[in-house]
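# Chain and residue survey
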Amino acid sequence: MHPLKIAAALLCATTVCAAWAQDAKPAAAPAAAPAAAKGFTPPGQQSNNKPIDSIAVVVNEDVITRQELAARIGTVTRRMKAQNVAMPEPADLRRQMLERMIVERAQLQLAKEMGVRVDDTMLDRAIGRIAEQQKLTVQAMRDQMEKDGIAFAAFREEIREEIIMQRLREHEVDAKIQISDAEVDNYLEAEKAAAAEQFEMNLAQIMVRIPENASPEVIAARKARADEVMRQLRTGADFAKMAGTYSDASDALKGGEIGWRSADRLPPMFAEALVKLKPGQVTPVMKSVGGFHIIKMVDKRSLAEAAAASAVQQTHARQILIKVTPTMSAYDAKRKLTELKERLDNKAAKFEELARLFSTDSSAAKGGDLGWLYPGDIVPEFEAAMNALKPGEVSAPVETSFGYHLIEVLERKSDDASKERQRNAARNAIRDRKIEEAAEDWQRQVRDRAYVEFRSDEAK
């Protein structure tokens with residue numbers, strides 16, 4: 001995946017980019033095998049009997065072609081080489097990528113049935129924010145991508161699909177996660193009783209998936225595969241390469257990298273095994289509902305005891321927001337705020353007066369006053385711009401998913417996290433853990449419900 005796609009993935013987590021149909025339909029039953037697949041031989045070339053493309057896999061009523069598969073393999077290969085990730089064998093890379101594409105195609109089909117969509121306007125805004133994060137214009141980003149051999153039109157559609165899948169997961173998984181007050185109480189009690197020294201762990205994993213409703217023979221075969229991975233690791237095999245070769249997790253082609261996690265964000269079984277490890281060591285093979293896991297402790301870092309209850313910086317800010325609407329273009333909104341900023345810089349008007357006159361949100365009646373803001377209370381683009389200001393300073397126009405803002409910082413203070421915020425933090429930690437577990441299980445179910453037919457020599 002191109003570095004810009006990484007930015008896009010982060011963007012999806014914080015920006016509402018998709019709209020849901022008013023009457024979403026329930027997920028349909030698995031489709032029967034299609035009677036016929038698409039043809040790929042262009043008119044006028046039938047006589048030479050050499051089609052320019054062919055089907056690799058049928059997924060429900062859609063297909064993945066060999067050209068699509070080859071293009072994705074090429075993109076991932078370039079990214080892995082650029083990041084110095086050990087490459088799996090070509091056959092293993094092809095199998096991993098084909099499985100990922102099957103899962104994606106099944107999710108996109110489900111999203112279509114559920115009415116998830118991303119129109120061109122929403123997509124343009126998302127791509128604009130990706131370019132801004134790269135400190136480029138959209139045209140400059142496009143030129144750079146085409147120079148690197150990446151078709152911009154294909155990039156747009158991949159971003160659209162990523163956003164659609166993110167929205168689908170939020171609807172099918174995230175929105176269904178429930179956390180009771182008792183769970184929060186237990187979490188806080190356990191945190192209080194924890195050792196004075198706490199750690200974050202940088203982890204990587206190899207996961208061998210167990211299909212839904214698998215027979216004992218299939219489970220035994222999967223266990224044997226995990227045991228073989230462990231045997232190779234013990235004889236010095238590279239963990240990242242083994243992940244790329246054997247892991248069925250979505251992070252396989254990133255060397256199995258999970259990232260930094262505290263123990264409370266991991267299933268208890270994994271946390272108990274990991275706390276005993278030193279950096280560079282791996283767990284034994286562990287079984288969960290979804291498969292067999294081997295987890296590596298890449299690194300470990302301590303957190304000062306005061307970090308859990310550290311002082312939180314709050315910012316008292318106000319804004320002038322002009323929303324982008326059919327009658328107010330992004331260009332006009334930004335130009336209007338630039339004019340207002342000049343008036344403020346020249347002390348020709350007061351911020352609160354202009355907010356009451358021009359701001360298009362509920363804070364206008366309060367002169368744009370947003371009150372005291374904690375980190376995370378606002379969207380990242382707004383928070384980053386706000387944090388760069390000193391008290392008394394006014395920002396240039398800032399774009400977010402809500403429109404364009406002028407931001408003024410009035411004052412700052414540090415305050416210990418309140419009891420309610422501690423509970424919210426605990427709730428979020430529990431939620432993150434549950435979402436990770438539920439998302440893996442949901443993806444497995446979507447894959448297992450799909451009708452999949454491999455063509456020719458494709459490995460199953």
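What counts, and at which threshold
- Residues numbered from 1 in each chain as written.
- Predicted model: local features only at pLDDT ≥ 70, side-chain atom pairs only at ≥ 80, totals over all residues.
- Heavy atoms only, no water.
- Buried < 20%, exposed > 50% of the residue type's maximum accessible area, 1.4 Å probe, protein only.
- Helix = DSSP H or I, 4+ residues; strand = E, 2+ residues; numbered from the N terminus.
- Arc of directions from axis to C-beta.
- Phe/Tyr/Trp six-rings, centres within 6.5 Å; stacked < 30°, edge-to-face > 60°.
- Lys NZ or Arg CZ within 6 Å of the ring centre and 35° of its normal.
- Polar contact = N/O pair within 3.5 Å; in protein donor to acceptor, adjacent residues only side chain to side chain.
- Salt bridge = Lys/Arg side-chain N within 4 Å of Asp/Glu carboxyl O.
- pLDDT = per-residue confidence, 0-100.
- Contact = heavy atoms within 4.5 Å.
- Pairing = 2+ DSSP bridges.
- Axes fitted to C-alpha atoms, helices over the stretch in contact; angles between N-to-C directions.

## Observations regarding helix α13 (residues 380–387)
- Residues F382, E383, A385 and M386 constitute the buried set of α13. Projection of α13 onto a plane perpendicular to its axis shows the buried side chains occupying an angular sector of 165°, all on one side.

## Focus: unusual backbone geometry
- Its identity as a non-glycine residue notwithstanding, N84 has a phi of 60°, on the positive side.
- Here N84 is to be found in the loop between α2 (66–82) and α3 (90–114).
- By relative accessible area, which is 71% here, N84 ends up exposed.
- For N213, which is not a glycine, the phi torsion comes out positive at approximately 60°.
- Mapped onto the fold, N213 is located in the loop between β5 (198–209) and α8 (216–234).

## Notes on the packing of aromatic side chains
- Within this structure, the stated rule accounts for 1 aromatic pair.
- Between the aromatic rings of F152 and F155, the centroid separation amounts to 6.0 Å while the plane-to-plane angle is 35°, which identifies the pairing as tilted. Of the two residues, F152 and F155 both sit in helix α6 (residues 152–172), 3 residues apart, roughly one turn of that helix.
- Residue F152 is classed as buried on the basis of its relative accessible area of 7%.
- Seen from the ring of W372, K413 lies directly overhead, with NZ or CZ sitting 4.5 Å from the centre.

## Things to note about the side chain of N60
- Within the secondary structure, N60 sits in the loop between β2 (55–59) and β3 (62–65).
- Of the residues examined, N60 reaches a relative accessible area of 12% and is grouped as buried.
- Here Q109 takes part through its side chain, which lies 2.7 Å from a polar atom of the side chain of N60.

## Some details on the pattern of salt bridges
- Summed over all chains, the structure comprises 30 salt bridges.
- Where R142 meets E146, a salt bridge forms, and the shortest distance between an N and an O atom there is 3.3 Å. Of this pair, R142 and E146 both sit in helix α5 (residues 138–147), 4 residues apart, roughly one helical turn.
- The partly exposed category is assigned to R142, whose relative accessible area is 34%.
- A relative accessible area of 42% places E146 in the partly exposed class.
- Close ionic contact of D345 with K341 constitutes a salt bridge, the shortest N to O distance being 2.9 Å. Linking D345 with K341, this pair stays in helix α11 (residues 330–345), spanning 4 residues, or about one helical turn.
- By relative accessible area, which is 46% here, D345 ends up partly exposed.
- Residues joined by salt bridges that share partners form a network here, namely D120, D124, R156, E157 and R160.

## Description of the confidence of the model for the protein
- Chain-level pLDDT for the protein is 82 on average; 83% of the residues reach the 70-or-more range.
- Scored below 50 in pLDDT, residues 1–47 makes 97 contacts in the model with residues more than four places away or belonging to other chains.
- Long-range and interchain partners of residues 304–310, a stretch whose pLDDT sits below 50, account for 3 contacts in this model, where long-range means more than four residues apart.

## Thoughts on the environment of A429
- Within the secondary structure, A429 is located in helix α14 (residues 419–449).
- The class for A429 is buried, based on a relative accessible area of 10%.
- Along the primary structure A429 and Y187 are separated by 242 residues, whereas in three dimensions their C-alpha atoms are 9.2 Å apart.
- For A429, the contacting residues outside a window of four places in its chain are Y187, D264 and R265.

## A few points about the sheet that holds β3
- Strand order in the open sheet formed by 3 strands is β3-β2-β13, with antiparallel pairing between adjacent strands. At either margin of the open sheet sits one strand with a lone partner, and together these are β3 and β13 (452–454). Neighbouring strand axes in the sheet, compared pairwise and without regard to direction, differ in orientation by 20° on average.
- Pairing analysis gives 4 bridges linking β2 to β3, with the strands arranged antiparallel. Paired with V57 across the bridge in β3 is I64.
- Seen against the sheet, α2 touches β2 and β3 and runs at an angle of roughly 55° to β3.
- Across the sheet, α3 lies against β2, β3 and β13, angled at about 150° from β3, the strand it touches most.

## A short note on the environment of L266
- Topologically, L266 is positioned in the loop between β6 (257–262) and α10 (268–274).
- Sequence separation of L266 and K434 is 168 residues, and the distance between their C-alpha atoms is 9.0 Å.
- The contact partners of L266, leaving out residues within four places of it in the chain, are M201, L203, R261, A271, L274 and R433.

## Focus on the environment of P279
- The topology assignment puts P279 in the loop between α10 and β7 (286–287).
- P279 sits in the partly exposed class, given a relative accessible area of 48%.
- Along the primary structure P279 and M297 are separated by 18 residues, whereas in three dimensions their C-alpha atoms are 5.0 Å apart.
- Beyond its immediate chain neighbours, meaning those up to four positions away, P279 contacts M297, V298, D299 and K300.

## Here's the deal with the side chain of Q232
- Structurally, Q232 is set in helix α8.
- The exposure class assigned to Q232 is buried, which follows from its relative accessible area of 19%.
- A distance of 3.1 Å separates polar atoms of two side chains, one belonging to Q232 and the other to Y246.
- Not counting residues up to four positions away in its chain, the partners in contact with Q232 are A237, M242 and Y246.

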